[in-house]
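# Close look at the chain arrangement
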Amino acid sequence: METKDISNNLDKRVKISAIITMTLLIISFLWLFYDIYAYQEIKAKAPNIETVSKGIVIGFIPKGLLYISFAVLLLSALKFFKRFQFLGVLCIIFGIISSISLVGDLAALSDIGDDYLVAGHKCILEWTWLYIGLIFHFIFYIIGFITIIKIFNEIKSFNNSKGSIINEVLFEITQYIGIVCGLIGIVFTLFTFFIIRNAKPIECNWLIWLLLGYCLIIFLPY
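The structure displayed is predicted, hence computed values, not measured ones. (Residues numbered from 1 in each chain as written. Predicted model: local features only at pLDDT ≥ 70, side-chain atom pairs only at ≥ 80, totals over all residues. Heavy atoms only, no water.)

## Describing the packing of helix α2 (residues 49–76) against helix α3 (residues 86–116)
One can describe the packing of α2 onto α3 by two numbers: an axis separation of 11 Å at closest approach and a directional angle of 155 degrees. Classified by the interaxial angle, the pair formed by α2 and α3 is roughly antiparallel. With respect to the hand of their crossing, α2 and α3 are arranged in left-handed fashion. The residues of α3 that touch α2, namely those facing Ile 56, Phe 60, Lys 63, Gly 64, Tyr 67, Phe 70 and Leu 74, are Cys 91, Ile 92, Gly 95, Ser 98, Ser 99, Leu 102, Asp 105, Leu 106 and Leu 109. Of the residues that constitute the contact of α2 with α3, the class distribution is 10 nonpolar, 4 polar and 2 charged. (Axes fitted to C-alpha atoms, helices over the stretch in contact; angles between N-to-C directions. Helix = DSSP H or I, 4+ residues; strand = E, 2+ residues; numbered from the N terminus. Parallel < 35°, antiparallel > 145°, perpendicular 65-115°, else oblique. Left-handed = near helix turned anticlockwise from the far one by under 90°. Contact = heavy atoms within 4.5 Å. Nonpolar A, V, L, I, M, F, W, Y, C, P; charged D, E, K, R; others polar.)

## Overview of the pattern of salt bridges
Inspection of the entire model under this criterion finds 1 salt bridge. Residue Asp 35 is joined to Lys 63 by a salt bridge in which the shortest nitrogen-to-oxygen separation is 2.3 Å. In this pair, Asp 35 is assigned in helix α1 (residues 2–43) and Lys 63 in helix α2, connecting sequence segments 28 residues apart. (Salt bridge = Lys/Arg side-chain N within 4 Å of Asp/Glu carboxyl O.)

## Here we look at the nonpolar core
Phe 70, Trp 127 and Phe 140 are the most contacted members of the largest nonpolar core, which has 41 residues in total. Elements with a contribution of two residues or more to this core: α1, α2, α3 and α4 (124–156). Not counting chain neighbours up to four residues away, the residues in contact with Phe 140 comprise Leu 66, Tyr 67, Phe 70, Cys 91, Phe 94, Gly 95 and Ser 98. (Core = buried A, V, L, I, M, F, W, Y, C linked by side-chain atoms within 4.5 Å. Buried < 20%, exposed > 50% of the residue type's maximum accessible area, 1.4 Å probe, protein only.)

## Some remarks on the packing of aromatic side chains
Using the criterion set out here, one finds 11 aromatic pairs in the structure. With centroids separated by 6.0 Å and ring planes inclined at 55 degrees, the aromatic side chains of Tyr 34 and Tyr 37 adopt a geometry described as tilted. Taken together, the residues span about one helical turn, with Tyr 34 and Tyr 37 both in helix α1 at a distance of 3 residues. Look at Tyr 37 and you get partly exposed, because its relative accessible area is 37%. Clustering of aromatic rings is evident, with ring pairs tying together Tyr 39, Tyr 116, Trp 127 and Tyr 131. One Lys or Arg, Lys 43, reaches over the ring of Trp 127 and ends 5.4 Å from the middle of that ring. (Phe/Tyr/Trp six-rings, centres within 6.5 Å; stacked < 30°, edge-to-face > 60°. Lys NZ or Arg CZ within 6 Å of the ring centre and 35° of its normal.)

## Regarding the environment of Thr 21
With respect to the element layout, Thr 21 can be found in helix α1. With residues near it in sequence (within four places) discarded, Thr 21 still touches Leu 66, Ser 69, Phe 70, Leu 73 and Ile 148.

## Let's talk about the environment of Thr 128
Take Thr 128: it is sitting in helix α4. Separated by 20 residues in sequence, Thr 128 and Ala 108 have C-alpha atoms that sit 9.5 Å apart. At 2.8 Å, the side chain of Thr 128 forms a polar contact with the backbone oxygen of Ile 124. (Polar contact = N/O pair within 3.5 Å; in protein donor to acceptor, adjacent residues only side chain to side chain.)

## Let's talk about the packing of α2 against α4
Between α2 and α4, the shortest axis-to-axis distance is 12 Å and the interhelical angle comes to 35 degrees. With respect to the hand of their crossing, α2 and α4 are arranged in left-handed fashion. Between α2 and α4, the residues in contact are Lys 63, Leu 66, Tyr 67, Phe 70, Leu 73 and Leu 74 and His 137, Phe 140, Tyr 141, Gly 144, Thr 147, Ile 148 and Ile 151, respectively. Its residues assigned to classes, the contact of α2 with α4 shows 9 nonpolar, 3 polar and 1 charged.

Set out below in structure tokens:
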């Protein structure tokens, strides 16, 4: 009875977590379309810039909560996975990239507000970052949606597993996160060496601080 009760409680927790994550995912996904509209308005220096800018800022709330909720969901759902499947690996990889891009979006928007709207600089690097970030977010949301559906299906066919299986999955997750963070570190190291070193200070100030944050992220898994 105790084992059955534990399984039922775990089942309920994962379902609730999945529902919350799915809700945040849908909101964040729909907000991408608003972001596209808002970026166009800002780029055109439309009269309603202040209003659309507030909408972008508000959108950071569900997006940020989504990453936290997804992390909790994946950890809670480990009981239902006999091995960490390819879909889960993709979800973690693009989740990391998307979350890092979100921080970059905030920095780029701040730079655009100061240098593009006020000083009149083109801010090509910042605009490029924002639109590439939209692509990363979109890919993560699609993979995340499929992952949640997969988790629901796994719950239905759940059979009690040994604790060693959970430890094995945790070990796999740690290794994948380490590999992804390491690759991100290499990419941004090369980016810093070949691009930022030739950029003007006003164009790379926010990137320097952003890359410093990435360096900390790279070391976290280890």
